[in-house]
Amino acid sequence: MTSSDTEDTVGNFVEQKRDAMSRTDVSASEHTRFIEDGEGETENSEAIQERSSWVDGVNERNMEEGGSRVRVVPAQGKCVRCAQRCEKMFSICLTSYHPLPPAPTWSDRCMFAVRCPPHGRVAQTLTLVMMAVLGWAALWAITKDDALPGGNLFALTVLLVLCVIGGRLIQRIKLPPLLGMLIVGILLRNVPGIMVGSWIDPVWASSIRLVALTVILIRAGLGLDPVQLRRLSWTVLLLAFLPCVVEASTLAVVIHFLLDFPWLWGFMLGFVLAAVSPAVVVPSMLWLQEVGLGVDQGIPTLVIASGSVDDVIAITGFAVCLGITFTTGNLVFTIFRGPLELLMGVAGGTLAGIFLWYFPSTDQEAVEAMMSDLWGVAQPFLFGLIGAEVDVLKIQPQTIGLGVAAIVIGSLVRMVASGVAVSGAGFTWKERLFVAIAWLPKATVQAAIGSTALDTARELTPQDTTNEKLGIQLLTIAVLVILITAPLGSALISLTARHLLRKSMREDLDRDSAIEMNNIGECAQEDDIELQAHPAEGQEQVSVQGKCDHNESV
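1. A short note on the overall build of the protein chain
Now for step 1: The helix and strand inventory of the protein chain stands at 22 helices and 2 strands.
Now for step 2: In the protein chain, which comprises 554 residues, the proportion classed as buried is 36%.
Now for step 3: Summarising the internal contacts of the protein chain: among those between residues at least 6 apart in sequence, 72% fall at separations of at least 24.

2. Quick look at the nonpolar core
A general tendency of soluble globular proteins is for nonpolar side chains to be buried together.
Now for step 1: Ranked by internal contacts, the top residues of the largest apolar core, which has 100 residues, are Trp265, Met268, Met285, Phe383 and Phe434.
Now for step 2: When residues of this core are assigned to their parent elements, the largest contribution, 13 residues, is made by helix α20 (residues 465–500).
Now for step 3: If we skip the residues at most four places from it in the chain, tryptophan 265 touches Thr325, Phe326, Ala453, Asn467, Leu470, Gly471 and Leu474.

3. Remarks on the packing of aromatic side chains
Now for step 1: In total, this model carries 4 aromatic pairs according to the counting rule given.
Now for step 2: Summarising the aromatic geometry, the rings of tryptophan 265 and phenylalanine 326 are spaced 6.0 Å apart at their centres and angled 85 degrees between planes, so their arrangement reads as edge-to-face. Highlighted residues: tryptophan 265 in helix α11 (residues 263–274) and phenylalanine 326 in the loop between α13 (299–325) and α14 (331–356), separated in sequence by 61 residues. Neither tryptophan 265 nor phenylalanine 326 differs from the other in exposure class; each is buried.

4. Remarks on the layout of surface pockets
Now for step 1: For the second largest pocket, the calculated volume is near 1100 Å³.
Now for step 2: For the second largest pocket, the lining is made up of 34 residues, of which Leu128, Leu160, Val164, Ile165 and Arg168 are closest to its centre.
Now for step 3: Of all the elements in the fold, those that place two or more residues in the lining of the second largest pocket are α5 (120–143), α6 (152–171), α7 (177–190), α8 (202–222) and α15 (364–388).
Now for step 4: No other element matches the 11 residues that α6 contributes to the lining of the second largest pocket.
Now for step 5: Across the lining of the second largest pocket, the residue classes break down as 21 nonpolar, 9 polar and 4 charged.

5. Side note on a nonpolar patch on the surface
Now for step 1: A grouping of Leu351, Ile354, Phe355, Leu356, Trp357, Tyr358 and Phe359 is seen on the molecular surface, where their side chains present a nonpolar patch of about 870 Å² in accessible area.
Now for step 2: Residue tryptophan 357 is classed as exposed on the basis of its relative accessible area of 58%.

6. Describing unusual backbone geometry
With the exception of glycine, the majority of residues adopt a negative phi angle, and the majority of peptide bonds are in the trans configuration.
Now for step 1: Its identity as a non-glycine residue notwithstanding, lysine 144 has a phi of 60 degrees, on the positive side.
Now for step 2: A positive phi angle is found at aspartate 260, which is not glycine, with a value near 60 degrees.
Now for step 3: One can find aspartate 260 in the loop between α10 (233–258) and α11.

7. A short note on a positive patch on the surface
Now for step 1: Positive charge collects at one region of the surface, where Arg121, Arg168, Arg172 and Lys174 lie side by side.
Now for step 2: Relative to the helices and strands, arginine 121 is located in helix α5.
Now for step 3: On the basis of relative accessibility, which here comes to 59%, the residue arginine 121 falls in the exposed class.

8. Some remarks on the packing of α10 against α13
Now for step 1: Packing of α10 against α13 leaves a shortest axis separation of 8 Å and a crossing angle of 45 degrees. On the basis of the axis angle, α10 is oblique to α13. For the crossing formed where α10 meets α13, the hand is right-handed. Residues Thr235, Val236, Leu239, Ala240, Phe241 and Cys244 of α10 pack against Leu302, Ala305, Ser306, Val309, Asp310, Ile313 and Ala314 of α13.
Now for step 2: Residues belonging to the contact of α10 with α13 are distributed by class as follows: 10 nonpolar, 2 polar and 1 charged.

The rules we used
- Residues numbered from 1 in each chain as written.
- Predicted model: local features only at pLDDT ≥ 70, side-chain atom pairs only at ≥ 80, totals over all residues.
- Heavy atoms only, no water.
- Helix = DSSP H or I, 4+ residues; strand = E, 2+ residues; numbered from the N terminus.
- Buried < 20%, exposed > 50% of the residue type's maximum accessible area, 1.4 Å probe, protein only.
- Contact = heavy atoms within 4.5 Å.
- Core = buried A, V, L, I, M, F, W, Y, C linked by side-chain atoms within 4.5 Å.
- Phe/Tyr/Trp six-rings, centres within 6.5 Å; stacked < 30°, edge-to-face > 60°.
- 1 Å grid on protein atoms, 1.4 Å probe; cavity = no way out; pocket = protein on both sides within 12 Å on 5 of 7 lines; lining within 4 Å.
- Points joined across faces, edges and corners; volume = space filled by probe spheres on them.
- Nonpolar A, V, L, I, M, F, W, Y, C, P; charged D, E, K, R; others polar.
- Patch = residues over 30% accessible without salt bridge, like charges linked within 9 Å, V, L, I, M, F, W, Y side chains within 5 Å.
- Areas by Shrake-Rupley, 256 points an atom, 1.4 Å probe, with all protein chains shown as cover.
- Salt bridge = Lys/Arg side-chain N within 4 Å of Asp/Glu carboxyl O.
- Lys, Arg positive; Asp, Glu negative; His and termini not counted.
- Charge placed at Lys NZ, Arg CZ, Asp CG, Glu CD.
- Axes fitted to C-alpha atoms, helices over the stretch in contact; angles between N-to-C directions.
- Parallel < 35°, antiparallel > 145°, perpendicular 65-115°, else oblique.
- Left-handed = near helix turned anticlockwise from the far one by under 90°.

What is shown is where atoms sit, not what they do.
Right under this line is the structure:
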């Protein structure tokens with residue numbers, strides 16, 4: 001059969017089909033009947049469906065040379081049937097076919113969690129994993145070997161991802177996420193065969209910790225209550241000064257007699273251990289403000305403000321003792337260097353605060369939201385890197401027992417001094433006990449300056465093995481205080497806060513006010529609906545009320 005004959009055959013077939021459709025339309029219009037309520041119903045539905053399939057489909061011509069056969073198949077129908085088959089095949093994996101029952105069991109929840117599309121915690125976990133993989137791929141494309149195993153950026157990426165996962169897991173048992181992040185950092189540094197923490201560049205680690213600490217201190221400043229801060233200003237100074245100095249002096253005496261430290265080294269270690277950790281305390285106090293515990297008494301503001309001053313005093317005392325021990329210049333300048341740096345920091349912070357009154361934004365809530373997002377990234381880095389600084393191999397067994405005893409004695413003395421410092425603030429005994437517990441965690445300053453004495457001894461007195469031995473013992477006890485007080489203090493804060501602190505009355509008043517405004521809005525809406533339903537009566541009531549008001553005014 002020639003091609004011209006084939007084209008004639010196809011043309012005749014199309015014309016016959018169009019004639020059939022036109023006859024189908026006429027037949028459908030003649031046989032359409034109407035029911036009494038005015039709704040129409042078509043009897044010839046098959047003809048209408050055939051016409052719709054013909055018009056919407058795409059004509060597929062399949063001509064074979066061996067025979068004059070023409071096949072016209074609607075392409076859209078094939079796609080729909082294929083999609084239906086695929087959906088039926090994979091229906092066991094779809095949540096639309098297997099919704100969660102009203103009273104699901106544990107197995108029902110597990111099966112529902114893994115069905116598609118991803119949802120809930122599974123979707124969040126997959127999103128985090130994909131973000132981590134894509135971020136690592138971008139780093140590898142830019143830095144090549146540094147993003148591969150053994151490189152600095154690879155170690156930081158692994159640290160960030162695993163610390164986020166560890167924080168999420170530890171939250172499942174109602175403990176602060178920083179505890180899981182700290183444990184992950186310690187494991188990455190000390191588990192044989194992994195040792196990812198040892199791949200991190202110390203300069204990068206120090207810089208990232210400094211940035212993260214800056215973020216949390218800015219959040220702490222934004223979370224301060226000016227009214228409570230003015231009311232408790234004297235208590236803030238007393239709480240910052242008294243426990244730090246008392247604990248440092250006690251530890252100096254205990255270390256001198258237990259470990260045979262010289263007095264300067266004893267005070268140096270005392271000031272290292274006396275510094276409270278803002279990275280542990282501040283997030284816990286911000287959580288107290290969110291849940292409204294102790295806010296009316298100003299306890300979160302008191303602890304946050306005192307923590308910063310406490311660290312300054314401890315670092316200043318350590319720097320003075322370190323300078324006297326290894327002094328090579330003017331001793332007077334070394335002694336007064338710490339207070340001068342404190343005054344310069346206060347002046348610089350004041351000027352920066354005045355500048356930030358006007359720039360970049362006067363909306364404090366927007367700034368707080370931005371800093372909260374930054375803290376979501378900075379927190380895993382901070383506590384993961386603090387944990388990665390802990391080298392278990394450097395902990396001397398003969399120092400562990402006496403070091404733990406010294407830490408326990410210093411912590412008990414610090415709790416007593418903290419209770420005395422806030423005794424005049426009008427707190428109950430439960431609130432004073434909570435402040436003493438909140439003053440226990442140590443991590444940030446110890447990780448930052450714990451190895452400073454050892455590094456200085458090796459640099460300035462390389463031939464003196466006594467100073468090096470003392471520096472190793474100081475670092476060992478600093479590691480111990482991190483391992484003991486950081487998780488213990490953080491857990492005690494979260495577990496005892498609801499039992500020792502009073503609920504904020506302002507939160508209850510705000511909630512009652514919101515409920516009252518909601519009720520007023522509902523009543524006004526009901527009145528509007530009633531007026532719309534009876535407009536004449538509403539106008540009469542308004543006019544009568546207006547007359548009454550006029551008569552009363554007269």
